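Structural description and commentary
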Amino acid sequence: ESGIALAYGDLIAQNLRDMHVKAKPVSVSFNTWLPMMANHTLTDPVFLGNSLPTDPDWIYYELHSDWITEDWYNAASFSNATMDALLEQMLVESNLTKLEEIVDKVQLIAWQECPWVLVYMNKILSFARDDDWTGHINSKGEGTFEYWGRVKTAPKLGGAEDPDGDGFGGILRINLPTDIDSRHYLTTTSGYSDDILGVVYESLVRQDPYSLEDVPGLAWNWTVALNEATNMTEITLDLFNNVTWHDGEVFDANDVNFTVYYLRDNGGHNWASSFPDVVNVTILSNYKVKIVCNTTSYFVFHNVGLTLMLPQHIWSAYPTTANFTTYDPEWPVGSGPFNFTAWVPGEYVQLDYYDDYYLRPAGRGAATVTPLLFDPIMTVAIVAVVAVVVLVAGYFL
């Protein structure tokens, strides 16, 4: 039980009683009331924590009245015609300035009508050792030990974690408050599993840890164009040509084509809401694809670009929702900076540096490093990738 939640429950109930409303705080198991909230059978207010993504399109699913009857959406059963109209505009707006104006109006209605009441906002306290390690990235909203922190943290020259004296390698131990629940990133319900698998798999685009602007992932270049004649958005991506999966197979446009169609055509996974607007994918060459989406939404590029890519040669064996939801990838094969090496439930997860990671520093690994790594637009994001073994413990160290 959270002491903060209990204290706020007491405070809120007391304020309601001061207004002559019968109220009392009740402590209920998370697993008891979560399904009630999901299927709209919960009639009492609850105290709930939430982490907000970069784009505000999630508000559509949480506050539009169309989602009142859908499990896991619009938990507050909120209905407001003006809000509905604004949210519908928000999803199709392609101009950023106009989009910001719409989102401001949406937030004003939410503030006035109170489907949610903001109680407090957490600050992330992220501690990192600087006696044996250097290069930590304190990413906005996520702290030190997230994607960028892990790929940029390096042992100090000559320190205890650098026996070879080359500033490379070592064992970095990172705490997770609880164990992961799965190695299956499409169906996990744990943010800690996402945290781990987010450095095993790779997306087409990443976001800069400081500015949150889009920076290269598997794609080193892209264009997003609105076709005004068809009202469709066309996303063209140039892919790195030296990417391999952790089992040595080559990554190319066929994997992007497979992933997008696979996630669009199968339900029951964490990315289901990202792909309904995809009309088709065209493979322009081995390392160039065009994705056409039946929307003018400013958000569609992130929906596609921030999704972690799947290896076609593995996941094609699980063609349906029933197949892939029961699949337990003992060795999740991605293309990210770390190999998923071991998981001892309740104790630790071990991730090992992938020698052939396509964005590794020059001189590390076997494959040839493409000159594109040193393009000035990418230096802040990726040049300082380092090799570490990460042990993520399921208990406090």
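Owing to the predicted nature of the structure, the values given are computational and were not obtained by experimental measurement. (Residues numbered from 1 in each chain as written. Predicted model: local features only at pLDDT ≥ 70, side-chain atom pairs only at ≥ 80, totals over all residues. Heavy atoms only, no water.)

**Structural notes on the overall build of the chain**
Tallying secondary structure elements over the chain gives 12 helices and 12 strands in all. Radius of gyration (C-alpha) of the chain: 23 Å, near the 21 Å computed for a compact globule of 397 residues. C-alpha extents for the chain along the principal axes are approximately 70 × 55 × 40 Å. Burial statistics for the chain: of 397 residues in total, 43% are counted as buried. The long-range fraction of contacts in the chain, counting pairs at least 24 apart against all pairs at least 6 apart in sequence, stands at 60%. Total accessible area on the chain stands at roughly 20,500 Å², and carbon and sulfur atoms take up 53% of it. Charge separation in the chain, taken as the distance between the mean sites of 19 positive and 50 negative side-chain charges, equals 5 Å. (Helix = DSSP H or I, 4+ residues; strand = E, 2+ residues; numbered from the N terminus. Rg over C-alpha atoms; globule rule 2.2 N^0.38 Å. Buried < 20%, exposed > 50% of the residue type's maximum accessible area, 1.4 Å probe, protein only. Contact = heavy atoms within 4.5 Å. Areas by Shrake-Rupley, 256 points an atom, 1.4 Å probe, with all protein chains shown as cover. Lys, Arg positive; Asp, Glu negative; His and termini not counted. Charge placed at Lys NZ, Arg CZ, Asp CG, Glu CD.)

**Some words on the side chain of Glu161**
Mapped onto the elements, Glu161 comes out in the loop between strand E2 (154–155) and strand E3 (171–175). Within the local environment of Glu161, its side chain forms a polar contact with the backbone nitrogen of Ile171, the two atoms lying 3.2 Å apart. (Polar contact = N/O pair within 3.5 Å; in protein donor to acceptor, adjacent residues only side chain to side chain.)

**Some remarks on the sheet that holds strand E7 (residues 232–239)**
In spatial order, the strands read E6-E7-E9-E8; together these four strands make up an open sheet with antiparallel pairing. On the outer flanks of this sheet lie strand E6 (219–227) and strand E8 (278–285), each paired with one strand and no other. Taken over all neighbouring pairs, the strand axes of this sheet differ in orientation by 15° on average, direction set aside. In terms of strand pairing, E6 meets E7 through eight bridges, oriented antiparallel. Residue Thr223 lies in a different strand from E7, and its bridge partner there is Thr236. Its contacts with the sheet put helix H8 (residues 253–265) on E7, E8 and strand E9 (288–293), and the angle it makes with E8 is roughly 170°. (Pairing = 2+ DSSP bridges. Axes fitted to C-alpha atoms, helices over the stretch in contact; angles between N-to-C directions.)

**A look at the nonpolar core**
Residues Leu186, Leu204, Leu237, Val256, Ile291 and Trp315 are the most contacted members of the largest nonpolar core, which totals 57 residues. In terms of residue count, H8 provides more of this core than any other element does, six residues in total. With near-sequence residues (within four places) excluded, Leu186 lies in contact with Tyr262, Leu263, His269, Asn270, Trp271, Leu310, Trp315 and Phe324. (Core = buried A, V, L, I, M, F, W, Y, C linked by side-chain atoms within 4.5 Å.)

**A closer look at the confidence of the model for the chain**
The share of residues in the chain with pLDDT of 70 or more is 91%, and the mean pLDDT across the chain is 85. Low confidence marks residues 367–397, where pLDDT is under 50. Its contacts with residues over four positions away, or in another chain, come to 99 contacts. (pLDDT = per-residue confidence, 0-100.)

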